[in-house]
Structure formats: structure tokens, C-alpha cells
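Here is what each chain is made of, one letter per residue.
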Amino acid sequence: MVKITINDKLLEVPEGTTVLEAARKVGIAIPTLCYYEAVKPYGGCRLCLVEVTEGQRTQLTTSCTYPVSEGLAVITESPDITEARRLMIDLLLSRCPGVPELQEMARQLGVEKPSFPEGKEDCILCGKCVSVCHELQGAAAIGMVGRERKRK
């Protein structure tokens, strides 16, 4: 078992647990779109950002991919985290402005309308469908190509 702190709550969780899983075990909600328990975490949507401190180093990172370690301190809500999540949902909503789930999450994070040029997509390119196809079906029927703006 590993001892960590999330929002000043001391927890003991099994080694190999991610920060997102540890937070959920104690009822701390962290927003995410791409996390799915049955497949390996990917961090594609970047909405599950948290602040982690190990020793003297503090950074923002995706909670779904970050494994716990002894003495880890995690903050799930701060002005920096809120601003980073708002930017991520703004980018996602700009890409897919007609998706109701994104619209609702954006409202919850205080983003009323996209501040970037709006697209006409309905896929946020989080990669969950590719992971499910590969990991659960054992197939390589779909995939992603390209990086950043050229990603498809």
C-alpha cells in the first residue's frame, strides 16, 4: 500500500493505482471524457488535470495516467487547474460545438461559447475508440494518424 494525500486527505491505496482511481475511491470528482476502466488510460482529453507534488517538484499532469507513489501530494482544484481545464474544454468545444456532452461540461467549467474558430466535428480525437478496438477486440480496424492539427 502507498500513502498519498489528495486535497489534504491522507489515503492508502494499492501500488499501481492512478491518481484518478485513488480520487474516485474517496468520492473526489475529477472531470474526464476519455477515461474508461476497461482500457489502458491515455489522457487524450486532458480534462483530468491535477497538480501533483513529489519532493520539491510540482506539476500539472493528467490524473488518469499518473501512478501514485509514496508521499505524493495531489490537489484537484486550484486556479491553475481550473484555468487549464477551461482551456482544454474551450479547445474541445471549438472543435465539436454541437456535442451536448461537451456543451454541458463547458458550462460546468464556466465556458459559455468557444473562443476559438468553430469546427464541424463530432469527435474530440481522444483515442478511446481506438483503444477499445485494439485492447478489447484485439483488432486494428481503426487508428489515428498525424499530430496536433493534422490528427485524424
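Structure report, in brief.

Rules and cut-offs
Residues numbered from 1 in each chain as written. Predicted model: local features only at pLDDT ≥ 70, side-chain atom pairs only at ≥ 80, totals over all residues. Heavy atoms only, no water. Helix = DSSP H or I, 4+ residues; strand = E, 2+ residues; numbered from the N terminus. Buried < 20%, exposed > 50% of the residue type's maximum accessible area, 1.4 Å probe, protein only. Salt bridge = Lys/Arg side-chain N within 4 Å of Asp/Glu carboxyl O. Pairing = 2+ DSSP bridges. Axes fitted to C-alpha atoms, helices over the stretch in contact; angles between N-to-C directions. Contact = heavy atoms within 4.5 Å. Expected span 1.5 Å × (residues − 1).

**Notes on unusual backbone geometry**
In step 1: For Asn-7, which is not a glycine, the phi torsion comes out positive at approximately 50°.
In step 2: Considering the arrangement of structural elements, one finds Asn-7 in the loop between β1 (2-6) and β2 (9-13).
In step 3: With relative accessibility at 29%, the residue Asn-7 sits in the partly exposed group.
In step 4: At Arg-46, a position not held by glycine, the phi torsion is positive, near 65°.

**Quick look at the pattern of salt bridges**
In step 1: For the structure shown, the criterion picks out two salt bridges.
In step 2: When the shortest N-O distance is used, the salt bridge between Glu-77 and Arg-85 registers 3.0 Å.
In step 3: Residue Arg-85 is classed as buried on the basis of its relative accessible area of 2%.
In step 4: When the shortest N-O distance is used, the salt bridge between Arg-107 and Glu-104 registers 3.3 Å.

**As for the sheet that holds β2**
Note: strands within a sheet are paired through backbone hydrogen bonds, in either parallel or antiparallel orientation.
In step 1: With respect to topology, five strands assemble into an open sheet ordered β2-β1-β5-β3-β4, the strand pairing being mixed. Edge positions in the sheet fall to β2 and β4 (57-62), since each has one partner strand and no second. With direction set aside, neighbouring strand axes in the sheet form an average angle of 30°.
In step 2: Examined bridge by bridge, β1 and β2 share five bridges and lie antiparallel to one another. Each bridged residue has a counterpart across the sheet, and for Lys-3 the counterpart in β2 is Glu-12.
In step 3: Strand contacts of helix α2 (residues 79-95): β3 (49-54), β4 and β5 (73-75), with the helix running at about 140° to β3, the strand carrying the most contacts.

**A word on α2**
In step 1: In a regular helix each residue adds 1.5 Å, so 17 residues correspond to 24 Å; α2 covers 24 Å between its end C-alpha atoms and thus fits that length.
In step 2: Among the residues making up α2, those that are buried are Ile-81, Ala-84, Arg-85, Met-88, Ile-89, Asp-90, Leu-92, Leu-93 and Ser-94.
In step 3: Contacts made by the buried residues of α2 are with β3, β4, β5 and α3 (100-108).

**Concerning the pairing of β3**
In step 1: Sheet topology places β3 next to β4; six bridges connect them, and they run antiparallel. Bridge pairing in β4 places Val-50 opposite Thr-61.
In step 2: Here β3 folds back onto β4, and the loop between the two strands holds two residues, one of which, Gly-55, carries a positive phi near 65°.
In step 3: As defined by bridge partners, β3 adjoins β5 across three bridges and the pair is classed as antiparallel. When the bridges of β5 are listed, Thr-53 appears paired with Ala-73.

Note that every value here comes from positions in space, so none of it alone points to a role or purpose.
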